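Single-letter residue listing:
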Amino acid sequence: MRRFECASPPPVVRVHKLVVRSRRVTYHPGMKARRIYLDNAATSWPKPEAVYEAVDWYQRELGTTTGRGAYREADEAAHRVRSTRERLARLLGVAEPDHIVFTANGTESLNLALHGVLRPGDHVITSVVDHNSVLRPLRFLEEYHGVAVDRVSCGHDGIVDPQTIRRAIRPQTRMIALVHASNVTGALQPIEAVGALAAEHGLMYLVDAAQSLGHLPIDVPRTGAHLFAAPAHKGLLGPSGLGLLYIAPGCEQFVRPLRQGGTGTQSDEDRQPDSLPDKYEPGNLNVPAVLGLGEGVSYLQQLGLEQVQRQGEELTARLIEGFSGIDGVVLYGPRDARRQVGVVSISVAGVDPRVVAAMLDSSRRVQVRAGIHCAPLMHRTLGTTELGGTVRFSTSVFTTVDDIDAAVEAVADIARAMVVA
Ligand SMILES: Cc1ncc(COP(=O)(O)O)c(C=O)c1O
């Protein structure tokens, strides 16, 4: 039997006198309790109990697809999927559940919006704050499909001034694509002001809400977004493998589907249906993830998004305050909990962020993300590319004050050791 082995031993990273060796993690009962998980901007963990139960219940009891079978379980699955769309519509403040389209993740939602709308000769405006899930499709469209792209800059606080977007508008401009909250600094962008600008100039407006949806109340019609994209697995507390794109009524005529295939509807036609959501949902849906998402949204709605936002702001303020008092720590972004989500980036005494992250995990089981966070232009703007990016802490509704304090203490220990060394 063939065995798969690493060709080389695990990498050893040396910093001053400290040696960090990457190890395989063996899970054992009780370990969960000791994890201080602050990597919720990558994906949220843990999930509400009802999310796990919904996925398990689907797998054991329903086990069927939607829109295909004519039996009780298939009807139940279809009803549950519909009810998740309705909960999402309430969350977004929109009246059309069928205009919420399920995708594989936030990246696919953004690809659908960008590839679906932009054509050769179009011009699109995005920003240096945006994620590679916007920047890379746009780079591809620029290189292979004759789409012109402007990437506007931001201020020192990581926030884009709508006037820089206004100045970039040209006669060929078709779309503005802007992230709501930076996944590096947490900085909230002025999406409503930019929406007004898009409306004034008759431009399609795409908002990437990957780091904001589920963390604060968002009324999509007020933002002016025609296309509103998010994953299910971050702030919405759903399972992996699912994303959503809201397409405002009437805009679907400008959005081509990325894929075509069976929908279980209008099956006598070999042409993709024009009706939503079928136009954009060929193939079997990730039903267990949709059911789990429904429970995640319901959990947030029971807590109340205002309360979730307040709690997030308190934790973020505590992180910012804690890090601000540590010698050798540099904080990036607004450094103001009311102008950012629960995402805080730092560097520690000029040490490679991956080393800091490995030390946080090995010393206190504080789990964070380190590096460029798929936002290369943001790091060039912050001047953190050469440093290897930043160390990023990100909260969820399950983060506690004790988690924050443990993280701050652990960073203080590392900074002390580095400054002394
Ligand atoms: C701002 C932003 N946009 C898009 C994405 C992509 O989402 P997904 O990982 O679900 O594809 C992420 C993921 O981290 C993100 O932070």
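Residues numbered from 1 in each chain as written. Predicted model: local features only at pLDDT ≥ 70, side-chain atom pairs only at ≥ 80, totals over all residues. Heavy atoms only, no water.

Caption draft 1: Structural view of the overall build of the protein. Of the regular secondary structure elements, the protein holds 13 helices and 15 strands. Over its C-alpha trace the protein gives a radius of gyration of 22 Å, about what one expects of a compact globule, namely 22 Å for 421 residues. Taken across its 421 residues, the protein has 54% of its residues classed as buried. Summing over all exposed atoms, the protein offers an accessible surface of approximately 19300 Å²; the carbon and sulfur share of this is 49%. One finds the centroid of the 45 positive side-chain charges in the protein at a distance of 7 Å from the centroid of its 46 negative side-chain charges. (Helix = DSSP H or I, 4+ residues; strand = E, 2+ residues; numbered from the N terminus. Rg over C-alpha atoms; globule rule 2.2 N^0.38 Å. Buried < 20%, exposed > 50% of the residue type's maximum accessible area, 1.4 Å probe, protein only. Areas by Shrake-Rupley, 256 points an atom, 1.4 Å probe, with all protein chains shown as cover. Lys, Arg positive; Asp, Glu negative; His and termini not counted. Charge placed at Lys NZ, Arg CZ, Asp CG, Glu CD.)

Caption draft 2: Inspection of the confidence of the model for the protein at higher detail. Per-residue confidence for the protein gives a mean pLDDT of 92; residues scoring 70 or more make up 92%. Contacts for the low-pLDDT stretch residues 1-33, under 50 throughout, to residues beyond four places or in other chains number 29 contacts. (pLDDT = per-residue confidence, 0-100. Contact = heavy atoms within 4.5 Å.)

Caption draft 3: Broad picture of the site of the ligand. Neighbouring residues of the ligand: 15 residues in total, closest Thr107, Asp208, Gln211, His233 and Lys234. Thr107 is positioned such that a nitrogen or oxygen atom in its side chain is 2.5 Å from an oxygen atom of the ligand. Per element, the largest residue contribution to the shell around the ligand is three residues, and it comes from helix H4 (residues 106-117). For the shell around the ligand, the class distribution of residues is five nonpolar, eight polar and two charged. (Near = heavy atom within 4 Å. Polar contact = N/O pair within 3.5 Å; in protein donor to acceptor, adjacent residues only side chain to side chain. Nonpolar A, V, L, I, M, F, W, Y, C, P; charged D, E, K, R; others polar.)

Caption draft 4: Structural context of the sheet that holds strand S8 (residues 204-208). One open sheet accounts for seven strands, arranged S4-S10-S9-S8-S7-S5-S6; its pairing is mixed. The outermost strands of the open sheet, each flanked by one partner alone, are strand S4 (100-103) and strand S6 (148-152). Each neighbouring strand pair of the sheet contributes to a mean axis angle of 20°, computed without reference to strand direction. Across three bridges, the pairing between S8 and strand S9 (residues 227-231) is parallel. Residue pairing in the sheet places Val207 in a bridge with Phe228 of S9. (Pairing = 2+ DSSP bridges. Axes fitted to C-alpha atoms, helices over the stretch in contact; angles between N-to-C directions.)

Caption draft 5: Seen up close, helix H2 (residues 49-62). With 14 residues, H2 extends 19 Å between its outermost C-alpha atoms, agreeing within 8% with the 20 Å of an ideal straight helix rising 1.5 Å per residue. When we look at burial in H2, the residues that qualify are Val51, Ala54, Tyr58 and Leu62. In an axial view of H2, the angular spread of the buried residues amounts to 65°, which keeps them on one side of the axis. Counted as exposed and oriented over 90 degrees from the buried face of H2: Glu49, Gln59, Arg60 and Glu61. Where H2 is buried, its residues meet helix H3 (72-92) and helix H9 (287-303). Following H2 by one or two positions, Gly63 has its phi on the positive side, about 55°. (Expected span 1.5 Å × (residues − 1). Arc of directions from axis to C-beta.)

Caption draft 6: A look at the packing of aromatic side chains. The final tally for this structure, using the stated rule, is four aromatic pairs. An angle of 75° between the planes, with centres 5.7 Å apart, marks the rings of Tyr37 and Trp45 as edge-to-face. The exposure class of Trp45 is partly exposed, given its relative accessible area of 22%. The interplanar angle of 50° and the centroid separation of 4.9 Å between the aromatic rings of Phe323 and Phe393 together place this pair among those described as tilted. Residue Phe323 is found in helix H10 (residues 305-324), and its partner Phe393 is found in strand S15 (residues 390-394); the two are separated by 70 residues along the sequence. The same class applies to Phe323 as to Phe393, namely buried. The lysine or arginine in question, Arg35, covers the ring of Trp45, its NZ or CZ lying 4.2 Å from the ring centre. (Phe/Tyr/Trp six-rings, centres within 6.5 Å; stacked < 30°, edge-to-face > 60°. Lys NZ or Arg CZ within 6 Å of the ring centre and 35° of its normal.)

Caption draft 7: View of the pattern of salt bridges. A complete count under the given rule lists 23 salt bridges for this structure. For Arg151, the salt bridge is made with Glu142, and the minimal N-O distance between the two is 2.8 Å. Accessibility expressed as a relative area gives 24% for Arg151, which makes it partly exposed. Look at Glu142 and you get partly exposed, because its relative accessible area is 25%. Each of Asp157, Asp336, Arg338 and Arg339 takes part in a single network of salt bridges with overlapping partners. (Salt bridge = Lys/Arg side-chain N within 4 Å of Asp/Glu carboxyl O.)

Caption draft 8: Representation of the domain arrangement of the protein. Considered domain by domain, the protein is made up of domain 1 (12-34 + 304-420) and domain 2 (51-303). For domain 1 versus domain 2, the separation of C-alpha centres amounts to 28 Å. Listed by partner, the interface residues are 31 residues for domain 1 and 33 residues for domain 2. A combined buried area of about 2500 Å² lies between domain 1 and domain 2, and 67% of that area is made up of carbon and sulfur atoms. For the domain 1 face of the interface with domain 2, the top three residues by lost area are Leu305, Val341 and Met378, together amounting to 24%. (Domains from an automatic or database assignment. Buried area = accessible area lost by both parts, 1.4 Å probe.)

Caption draft 9: Structural context of the sheet that holds S15. Taken in spatial order, the four strands of this open sheet run S11-S12-S15-S14, and their pairing is antiparallel. For this open sheet the edge positions go to strand S11 (329-332) and strand S14 (369-371), each flanked by a neighbour on one side alone. On average, adjacent strands in this sheet sit at an angle of 30° to one another, irrespective of strand direction. Relative to S15, S14 is paired through three bridges, and the arrangement is antiparallel. What sits directly across from Arg369, in S15, is Arg392. Against the sheet, H10 engages S11, strand S12 (343-348) and S15, with an angle of about 15° to S12. Lying on the sheet, helix H11 (residues 353-364) is in contact with S12, S14 and S15; it crosses S15 at an angle near 45°.

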